[in-house]
Amino acid sequence: MRALQMINFIIAILFFVCYSYQFVYIPVVLLRREAPHNAAAPHRYAVLICGRNEAAVIGDLIASLHNQTYDTALLHIFVLADNCTDDTALIARAAGATVYERQSTTRVGKGYALQDLLVHIAQDYPQGFDGYFVFDADNILAPDYIERMNETFSQGHQIITSYRNSKNYGDNWISAGYALWFLRESRYLNHARFLLGTSCAVSGTGFLFSRAVLEDMGPWPFHMLTEDIEFSVDQITKGRKIAFCPQAELYDEQPTQFRQSWRQRSRWSKGYLQVFRGYGKSLIRGIFRGSWSCFDMSMAIMPAFILSALGVVCNITLSIWGAATGDNALYALQSIGEMLCNMYLTLFIIGAVTTITEWRHIHTSTAKKLLYTLTFPLFMFTYLPIAISSLFIKPQWKPIEHRLSAAQLRKREAKEVIPL
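Throughout what follows, the structure given in this document is the object of discussion. Predicted model only: the values in this text are computed from it and were never measured. Per chain, the residues get numbers from 1 upward, laid out in the order the sequence is written. Only residues with pLDDT of at least 70 get local features here, since the model is predicted, and only at 80 or more are side-chain atom pairs given and counted; chain-wide, interface and lining totals rely on the full set of residues. Side-chain numbers come from the whole structure's heavy atoms, not from hydrogens or water.

### Structural notes on the sheet that holds strand β7 (residues 207-210)
Part 1 of the reasoning: For two strands to pair, DSSP has to find at least two bridges joining them. Secondary structure is summarised from DSSP: a helix means a run of H or I of at least four residues, a strand means a run of E of at least two, and numbering begins at the N terminus for each. The eight strands are arranged β3-β2-β1-β4-β7-β6-β8-β5 in an open sheet whose pairing can be described as mixed. Each of the sheet's edge strands pairs with one partner strand only, and the pair in question is β3 (98-102) and β5 (140-141).
Part 2 of the reasoning: As paired strands, β5 and strand β8 (residues 242-252) are joined by two bridges and run antiparallel to one another. For Ile-140, the partnering residue across the bridge sits in β8 and is Tyr-251.
Part 3 of the reasoning: Contact definition: two residues touch when any of their heavy atoms are within 4.5 Å. Angles here are taken between N-to-C directions and fall from 0 to 180 degrees, while the axes themselves are lines fitted to C-alpha atoms, restricted in helices to the stretch in contact. Here helix α2 (residues 58-66) sits on the sheet in contact with β1 (45-51), β2 (75-82), β4 (131-136) and β5, set at roughly 170° to β2.

Below you can see the structure in the form of structure tokens.
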């Protein structure tokens, strides 16, 4: 079993080389402060919302847009009802949005929906807008969200992402696992990157891009399974930096069923492979040109997937081989146990630091905050079989059902209320 010991040692070293810098990001966020903003200028924004059968939540997002502290006369809300069989379009129109509808069985996914929506806007509003926000239909915005994003936009940033929080952190260990990861990504990845002057990455929803970016890229040409990561990598390899606005807080709904979560994260894992296959050469060229952002994004989309899968496969394979050949199987089991314990401890520290520093942003009881910090590593462990299975299956884009309306949120305990 010396071979197994050596393999685990090499994988541990590679993990350290690839990801130790992310632990340096933690004191950057805790100790460094953002430079003060200059006075913000008013800008006209288009709000882009694509949704499939989102009748339960689309009205709440539009209401939170109407209730912004920013001048809502400068906001134009556009909704594309994508293959809907419910009242999404009707509810959005009644709420004051400009609504387009489409039906397609071949061009499936958010990327195609965004592309069609931008084509409609270009045809019907040829004067264009200064910037374009992208939200998912289940989002709810803090009242000063647009105002804060506009402050950052006014500093000359062409692409800006925001602080991603969750509506339903306390539902169960699955929703909490998602939520804690997105909080960590916002605070200890994107915020640190922004403070250091490197590029952030767009995470699904809650971002803004300028007219100049739209004119350069055209109407959303990103159609991989993870179109947000594709967009981020495309812009970074072209030399643009994605900024971060930590004061702009957005809430979205996380899955609570493991089957639904498995399907979604399988799509993400396959999407990371697609992005690396499509942009890997450009990222590597950027790294050799001295681009830290290219290195950072490369680490974000690939090595953890490969190293984790390799570690699991090697440990299981060599353990079975050792048992079959009469070698010391106990040592193999001990090696696997040590690997899992080290992974659990690392993930627990990441989750605990995030929970402590983002405590006031987590809208659930103290007991659940503590409990779900303990289960966070278990949630992340489930990525291992998902990552391995994604190598052999062909995940397809399927909508995630959202049910948590603002009315339901208001029924929660006072400590868990989200400021709508």
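After that view of the structure, there is still more to cover.
### Quick look at a nonpolar patch on the surface
Part 1 of the reasoning: Put simply, a patch holds well-exposed residues, over 30% relative accessible area, that have no salt bridge, with like charges counted together within 9 Å and Val, Leu, Ile, Met, Phe, Trp or Tyr side chains within 5 Å. All accessibility values rest on the Shrake-Rupley procedure with a 1.4 Å probe; residue burial counts only the protein chains present in the view. Within this document, salt bridges are pairs made up of a side-chain nitrogen of Lys or Arg and a carboxyl oxygen of Asp or Glu, the two lying within 4 Å of each other. On the surface, a cluster of nonpolar side chains totalling about 710 Å² of accessible area is made up of Met-6, Phe-9, Ile-10, Ile-13, Leu-14, Phe-16 and Val-17.
Part 2 of the reasoning: Mapping Val-17 onto the fold places it in helix α1 (residues 2-31).

### Some details on the side chain of Asn-165
Part 1 of the reasoning: Relative to the assigned elements, Asn-165 resides in strand β6 (residues 159-166).
Part 2 of the reasoning: For every residue, the accessible area obtained with a 1.4 Å probe (protein chains only) is divided by the maximum for its type, and the residue is called buried under 20%, exposed over 50%, and partly exposed between those limits. Under the relative-accessibility criterion, Asn-165 is labelled buried at 1%.
Part 3 of the reasoning: Excluding its chain neighbours within four sequence positions, the residues that come into contact with Asn-165 are Leu-183, Glu-249, Leu-250, Tyr-251, Asp-252, His-361 and His-363.

### Quick look at helix α9 (residues 258-288)
Part 1 of the reasoning: The largest bend in α9 is about 65°, located at Tyr-279.
Part 2 of the reasoning: Two residues or fewer after α9 comes Gly-290, characterised by a positive phi angle close to 95°. The bend at a residue is defined as the angle formed between two axes, one fitted to the seven residues ending at that residue and one fitted to the seven starting there.

### Re empty space enclosed by the protein
Once rolled over the atoms, a probe with the size of a water molecule shows which space is left empty.
Part 1 of the reasoning: Each cavity reported here is a set of points on a 1 Å grid over the protein atoms alone in which a 1.4 Å probe fits but cannot get out, each pocket an open set with protein on both sides within 12 Å along at least five of seven lines, and each lining residue one with an atom within 4 Å of a point. Grid points are joined across faces, edges and corners, and a volume is the space filled by probe spheres set on the points. In total, this model carries one cavity of 30 Å³ or more according to the counting rule given.
Part 2 of the reasoning: Contributing to the lining of the largest cavity are Thr-161, Ser-162, Arg-164, Glu-185, Ser-186, Asn-190, Ser-203 and Thr-205.
Part 3 of the reasoning: Those elements giving two or more residues to the lining of the largest cavity turn out to be β6 and α6 (173-196).
Part 4 of the reasoning: Tallied by class, residues from the lining of the largest cavity come to no nonpolar, six polar and two charged. Under the convention adopted here, Pro, Cys and the residues Ala, Val, Leu, Ile, Met, Phe, Trp and Tyr are nonpolar, Asp, Glu, Lys and Arg are charged, and Gly plus all remaining residues are polar.

### A short note on the pairing of β6
Part 1 of the reasoning: With eight of its eight residues buried, β6 lies for the most part within the structure.
Part 2 of the reasoning: Relative to β7, β6 runs antiparallel, the two being bridged by three bridges. Bridge pairing links Ile-159 to Phe-209 in β7.
Part 3 of the reasoning: Bridge analysis of β6 against β8 gives eight bridges, and the strand direction is parallel. In the sheet register, Asn-165 faces β8, and the bridge partner there is Tyr-251.

### Some thoughts on the environment of Trp-173
Part 1 of the reasoning: The topology assignment puts Trp-173 in helix α6.
Part 2 of the reasoning: Setting aside anything within four residues of it in sequence, one finds Trp-173 in contact with Phe-258, Tyr-372, Thr-375, Leu-378, Phe-379 and Thr-382.

### A word on the pattern of salt bridges
If charged atoms from side chains of opposite charge come close, those side chains can pair.
Part 1 of the reasoning: The final tally for this structure, using the stated rule, is 13 salt bridges.
Part 2 of the reasoning: Residues Asp-136 and Lys-110 are paired through a salt bridge, measuring 2.9 Å at the closest nitrogen-oxygen approach. Here Asp-136, found in strand β4, pairs with Lys-110, found in helix α4 (residues 110-124); they are 26 residues apart in sequence, far enough to count as distant. Per residue, the accessibility class of Asp-136 equals that of Lys-110, and both read buried.
Part 3 of the reasoning: Between Asp-252 and Arg-164 there is a salt bridge whose closest N-O contact spans 2.7 Å. Taken together, the positions of Asp-252 in strand β8 and Arg-164 in strand β6 put the pair 88 residues apart, joining distant regions of the chain.
Part 4 of the reasoning: For Asp-252, a relative accessible area of 3% corresponds to the buried category.
Part 5 of the reasoning: Counted as one network, the salt bridges with shared partners bring together Asp-82, Arg-102, Arg-107 and Asp-116.

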